[in-house]
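# Overview (structure and organization)
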Amino acid sequence: MQGYLSSFFRGMRWAGRYAKGYFEPGRFEPSRDPSLTVEATNTCGSKCIYCPNSIMTREKESMDMKIFKKTIDEYAAMGGHFISFTPTIGDPLLDKNLIERGRYVKQYAQFASLGFFTPLQWLHRHDINDFFSAGFTWLGISISLSGKESYKSFFGVDRYEQTVKNLETLIHENNRRGNSLKLTIFLVPTDEPIEKVAKHPDLIRIKSLLGQDSKDCIEEQRGAYVDDWHGNVKLPEYLRRTPLYPRYFRPCRMLFSGLTVHSNGLVDACRCHNFDATGDLILGDIKDTELNEMWNGVRLKFLRDNWKSKSKVPDICQKCRSYLY
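The text that follows walks through the structure, step by step, so that each part is easy to find. In this text, all values refer to a predicted model and were calculated from it rather than measured experimentally. (Residues numbered from 1 in each chain as written. Predicted model: local features only at pLDDT ≥ 70, side-chain atom pairs only at ≥ 80, totals over all residues. Heavy atoms only, no water.)

## Things to note about the pairing of strand 1 (residues 35–38)
Rules: Between any two strands, at least two bridges found by DSSP are needed for them to pair. Numbering of helices and strands starts at the N terminus; helices are DSSP runs of H or I of at least 4 residues and strands are runs of E of at least 2. The definition of a right-handed crossover adopted here requires that, viewed with the strands pointing away, the path from the first strand over the helix to the second runs clockwise.
Inspection of the sheet shows strand 1 paired to strand 9 (residues 258–261) by four bridges, in the parallel sense. What sits directly across from serine 35, in strand 9, is glycine 258. Here strand 1 runs beside strand 2 (residues 82–84); their pairing, made up of two bridges, is parallel. Note that in strand 2 the partner of threonine 37 across the bridge is serine 84. Since strand 1 and strand 2 lie parallel, the crossover through helix 2 (residues 65–77) that links them has a hand, and here it is right-handed.

This is how it looks when you write it as structure tokens:
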């Protein structure tokens, strides 16, 4: 009986948040300071158990520098401040132009934030001094720190030792530079007992390198909900799928917060889920249409208004588990 009551009250609290959010001031107004995600590359060296990289049909490529510069210049002209190189699918460290791209962004003093998420497997390919001088302000790192076996079971590749070495180098250099780079280390979920993970010498060593900042830097993803990418990825039993929250007459917040420019130049209204860069959310091509025109244009307004007033949800959004109500 107690379990049922607990579930009931959790459901009631969620319903309250859901209803309150609908009437939140500015909820259905596009941001005056939208963020920009630039997918510098959609290439990745991992085979993570909850990623659709292996079934992606578009060409794996890095963004042409001419397209990249056009994108950044137009975003700067819009007055934007927040750029991420986090791809829908991919690892920015595999982009041979990563440092050059960072420096190009850095020339605009208005940009307050620049960073990306990465499994950190390929940091050693870049000169560490160049990396720290490229203008990055934050880095999100997905990693397992409980041994080679658990690492390979999640990432699908045998790069544990090099990755841990890369992480140690990164922390050491960041400490030496007064922690100029904000690091967040996400311990990916595995099927190991939490006690085993907590006692692993690699995790203990990393925490010691981080010192008193370790609690702020390391986030445990155990028990976190994940996406199955419309059922395209078969998740292991220990991973929980994010619930499919109702979305009637309630456009996803991502349609109001920013844009993604994919590695092929296609501009997307969603910044996290459209791994094949197709469908209703593609607003145009940065090569022949300006970014500001797409952000403030009729196409995106039509998508927002149709969803809000007529509950016409884009196909790709109907079963998206990353939907933000």
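And the narrative resumes.
## Quick notes on the packing of aromatic side chains
Let me state the cut-off plainly: Stacked, tilted and edge-to-face are the three classes applied to pairs of Phe, Tyr and Trp rings, where Trp contributes its six-membered ring and a pair requires centres within 6.5 Å; stacked means planes under 30 degrees apart, edge-to-face means over 60, and tilted covers the rest. Throughout, exposure labels follow a simple rule: accessible area from a 1.4 Å probe, protein chains only, divided by the maximum for the residue type, with under 20% read as buried, over 50% as exposed, and the rest as partly exposed. Charge-over-ring placement is defined geometrically: NZ (Lys) or CZ (Arg) within 6 Å of the ring centre, and within 35 degrees of the ring normal.
The tally for this structure, following the rule as stated, stands at 21 aromatic pairs. Consider the rings of tyrosine 22 and phenylalanine 28, whose centres lie 5.2 Å apart with planes at 65°: the pair is edge-to-face. A residue is classified by how much of its surface remains accessible, and phenylalanine 28, at 16% relative accessible area, is buried. If you follow arginine 125 out to its NZ or CZ, it ends over the ring of tryptophan 122, 4.5 Å from the centre. Note that arginine 304 overlies the ring of tryptophan 295, its terminal NZ or CZ placed 4.9 Å from the centroid.

## Regarding unusual backbone geometry
Even without being glycine, asparagine 179 reaches a positive phi, approximately 55°. Mapped onto the fold, asparagine 179 is located in the loop between helix 6 (160–176) and strand 5 (182–187). The backbone of alanine 277 sits at a positive phi, close to 55°, despite the residue not being glycine. Tracing the backbone shows alanine 277 in the loop between strand 10 (266–268) and strand 11 (282–285).

## What about helix 3 (residues 98–106)?
This is how it is decided: Contacts are assigned to residue pairs with any non-hydrogen atoms lying within 4.5 Å of each other.
Burial in helix 3 covers these residues: Leu98, Ile99, Arg101, Gly102, Tyr104 and Val105. Summarising the contacts, the buried residues of helix 3 are in contact with helix 2, strand 2, strand 3 (113–118) and helix 4 (128–133).

## Digging into the pairing of strand 4 (residues 138–143)
Note: strand 3 against strand 4, four bridges, orientation parallel. Its bridge partner lying in strand 4, phenylalanine 117 is registered against glycine 140. What joins strand 3 to strand 4 is helix 4, and the crossover it makes is right-handed. Of the pairings in the sheet, the one linking strand 4 to strand 5 comprises six bridges and is parallel in character. Counterpart to isoleucine 143 in the pairing with strand 5 is leucine 187.

## Overview of the pattern of salt bridges
Formally: When a carboxyl oxygen of Asp or Glu lies within 4 Å of a side-chain nitrogen of Lys or Arg, that pair is called a salt bridge.
Applying the stated criterion across every chain, the model contains 14 salt bridges. Arginine 241 is the partner of aspartate 228 in a salt bridge, and the nearest nitrogen-oxygen pair spans 3.1 Å. Placement of the pair is aspartate 228 in the loop between strand 7 (225–226) and strand 8 (240–241) and arginine 241 in strand 8, with a sequence separation of 13 residues. When its relative accessible area of 5% is taken as the criterion, aspartate 228 is described as buried.

## Here's the deal with the nonpolar core
Put simply, the rule reads: By nonpolar core we mean a set of buried residues, namely Ala, Val, Leu, Ile, Met, Phe, Trp, Tyr and Cys, connected to one another through side-chain atoms within 4.5 Å.
Of all hydrophobic cores here, the largest spans 76 residues; its most connected members are Phe85, Phe131, Leu170 and Ile185. Looking at which element gives the most residues to this core, the answer is helix 2, with six residues. When sequence neighbours within four positions are dropped, the list of residues in contact with phenylalanine 131 reads Leu93, Leu98, Ile99, Phe116, Leu123, Phe136, Leu139, Leu170 and Leu181. Counting eight residues, the second largest nonpolar core, distinct from the first, contains Val226, Trp229, Leu239 and Phe275.

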